[in-house]
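# Inside the fold
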Amino acid sequence: MKEVRIIIDDEFDHVRDFQNGFAAVKKAGKYSFINSSGELICDFLYDEVLNFSQNLAGVMINDKWGFIDTKAKVVVDLVYDDVCSFVNDYALLRQGNENIIIDTQANIILKTEYDGIIRLSNKLFKIKKGDVFALIDQNGNFLSDFEFLSIKRLNEKLFLCKQKINGKVKCGVLNEFAKLVLEAKFDDISLINDEYLLVLDGFLYGLFDVNLNCIFKPMYKDVKFIAKDMIKVRVGTKYTLVDKNKNELSKNSFDFMKIIDDELVLFLENSKFGFMDQNGMLICEAKFDEVGEFVGGLACVKIANKYGFIDKNAKIIIDVMYDELRFFSENLAAFCARGKWGFINTKGKTIIEAKYDEANSFSEGIASVKKDNRYFLINQNDEILCEHEYEYMSCFSCGLALVLTSDGFIYVDKNANIVIKEHFDEAFDFKEGLAQVCIDNQWGFINTNGEFVLDLQFENVNDLGNGIYELSKNGHKFYLEYNGKITLNPFSQGQIACISKDIGWRILRLLELKE
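Quick notes on the rules
- Residues numbered from 1 in each chain as written.
- Predicted model: local features only at pLDDT ≥ 70, side-chain atom pairs only at ≥ 80, totals over all residues.
- Heavy atoms only, no water.
- Buried < 20%, exposed > 50% of the residue type's maximum accessible area, 1.4 Å probe, protein only.
- Helix = DSSP H or I, 4+ residues; strand = E, 2+ residues; numbered from the N terminus.
- Pairing = 2+ DSSP bridges.
- Phe/Tyr/Trp six-rings, centres within 6.5 Å; stacked < 30°, edge-to-face > 60°.
- 1 Å grid on protein atoms, 1.4 Å probe; cavity = no way out; pocket = protein on both sides within 12 Å on 5 of 7 lines; lining within 4 Å.
- Points joined across faces, edges and corners; volume = space filled by probe spheres on them.
- Nonpolar A, V, L, I, M, F, W, Y, C, P; charged D, E, K, R; others polar.
- pLDDT = per-residue confidence, 0-100.
- Contact = heavy atoms within 4.5 Å.

## Notes on the pairing of strand S33 (residues 306–310)
Within S33, four of the five residues are buried, leaving the element largely enclosed by the surrounding structure. In this structure, strand S32 (residues 299–303) lies alongside S33, joined through five bridges in antiparallel fashion. Looking at S33, one finds that Ile303 is bridged to Lys306. Direction of pairing for S33 relative to strand S34 (residues 316–322): antiparallel, over a ladder of three bridges.

In structure tokens form, the structure reads like this:
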């Protein structure tokens, strides 16, 4: 079972995510904060709070805001109508009609009665008057007139601005000194890969780098990066490739193009697929009717209703001669020829002749097959291990396979003996010793002994595919790693998690699964 140690034996009305080492907790309508050891830093005093940022947190009592430090000492008096968290040593506040900028020492940098102040960068702010904006520095010095309809950050040094030019709204680019470095004459501008500016003029796209060097003027109907320096552009209804220096990488135009496995460019020409490398050099002419994803360096292809495998050089490794083919698993792939199933190895040699009516892929050395309306488990030597009765059987994982009965899903071992007898409405294969299961729309997790590691309590479980499950309960999300480690946020704050209980909240530290 999972070892669970209670850090705070207390219940809260609400618990927020940990950020910067602290989490806001609510009890009896008032807020406080806990640190990562579960210690309260102050009494439950505040009607509302913001998360800690730069060791300061906004707090509110009786509709008035101020800031406290990590020891709960008030560093900015609670006299403001609204505040924003500190970013890059500055915070924005509002008091009556005044908008105010302060630093982390509570020094007032700027006061203004304009309609609003919004931070754009460490040293640049935009202020609003009516429907237009101007730019000021951190000392309140004006860097521009009120001439912009909007200003948005592209990166630390470049900002998208919109102006009305001859009655039309046009986009340009400002630098960190509020100088217009790209004329406001485009219909749209967006940052691509943090390195390029994609501009739209009418119905045509152009490209600049972030140093404002023009790569190509607006001339293409579509522009997409399919690799770091490889750009797919559309002229009319066809696509071709250019690089960041505007060099054409392919002399021909194609109906479709995409990058495959970060190495090859798949293209469609006259309803057939072919391959190029990232320099636009032809690797294989367009001759395939279908091309699958590369798995283990091989991809399944189809020509004239027959299937085979190619490598990453688009060389046919296994002849295109089969009626159906499955992906390789444990160096064997199931194939169908003349209505019967067998197995080939990665060299295309037949290892198990085509004699079965159905065949699953091998997993943990075992495959389920069907012959003469009977089901068997076989090994890679085509030896029958046992007979079973299940029409559906998943691949083996952690020594168990999921099977479907008339009463629901159960798990069997490699002799088709029932190991986990409880019937589940829905269930999945085991991953690193855990499997997600569902009964009556409630999800939980079991181990290979059928014991619940996490009880049936979650409304939804989503396998994110990167070693982490996303769990949903009572409107809150939690994350469970395949190895049984649970956390509110898998990318920060260790294994501290907030688990919702029917009677409230508890702060728990959930340690790794113990064998």
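## Brief notes about the packing of aromatic side chains
What characterises a pair of aromatic rings is the spacing of the ring centres plus the angle enclosed by the ring planes. Scanning the model with the defined rule gives 21 aromatic pairs in all. Ring geometry for Phe22 against Phe52: centres 4.7 Å apart, planes inclined by 35°, an arrangement best described as tilted. In this pair, Phe22 is assigned in strand S3 (residues 22–27) and Phe52 in the loop between strand S5 (48–49) and strand S6 (56–61), connecting sequence segments 30 residues apart. With a relative accessible area of 3%, Phe52 lands in the buried category. Aromatic pair Phe309 and Phe328: ring centres 4.9 Å apart, planes at 45°, arrangement tilted. One end of the pair, Phe309, is in strand S33; the other, Phe328, is in the loop between strand S35 (324–325) and strand S36 (332–337), and 19 residues separate them in sequence.

## Topic: empty space enclosed by the protein
A full pass over the atoms with the stated rule returns two cavities of 30 Å³ or more. By volume, the second largest cavity amounts to about 30 Å³. Taken together, Asn360, Ser361, Ser363, Ile366, Ala367, Ser368, Met393, Ser394, Cys395 and Phe396 make up the full set of residues lining the second largest cavity. Partitioning the lining of the second largest cavity into residue classes produces five nonpolar, five polar and no charged.

## Observations concerning the pairing of strand S51 (residues 468–473)
By the criterion of burial, S51 is predominantly enclosed, with six of the six residues buried. Side chains of S51 alternate between two faces, with Ile468, Glu470 and Ser472 and Tyr469, Leu471 and Lys473 buried alike. The pairing of strand S50 (residues 460–463) with S51 spans four bridges and is antiparallel. When the sheet's bridge partners are listed, Asp463 is paired in S51 with Tyr469.

## A few points about the confidence of the model for the protein
Residues with a pLDDT of 70 or more make up 91% of the protein, whose mean pLDDT is 87. Of the regions scoring below 50 in pLDDT, residues 1–7 engages in 25 contacts with residues more than four places distant in sequence or in other chains. Between residues 488–515, whose pLDDT stays under 50, and residues either more than four places distant or in other chains, the model counts 95 contacts.

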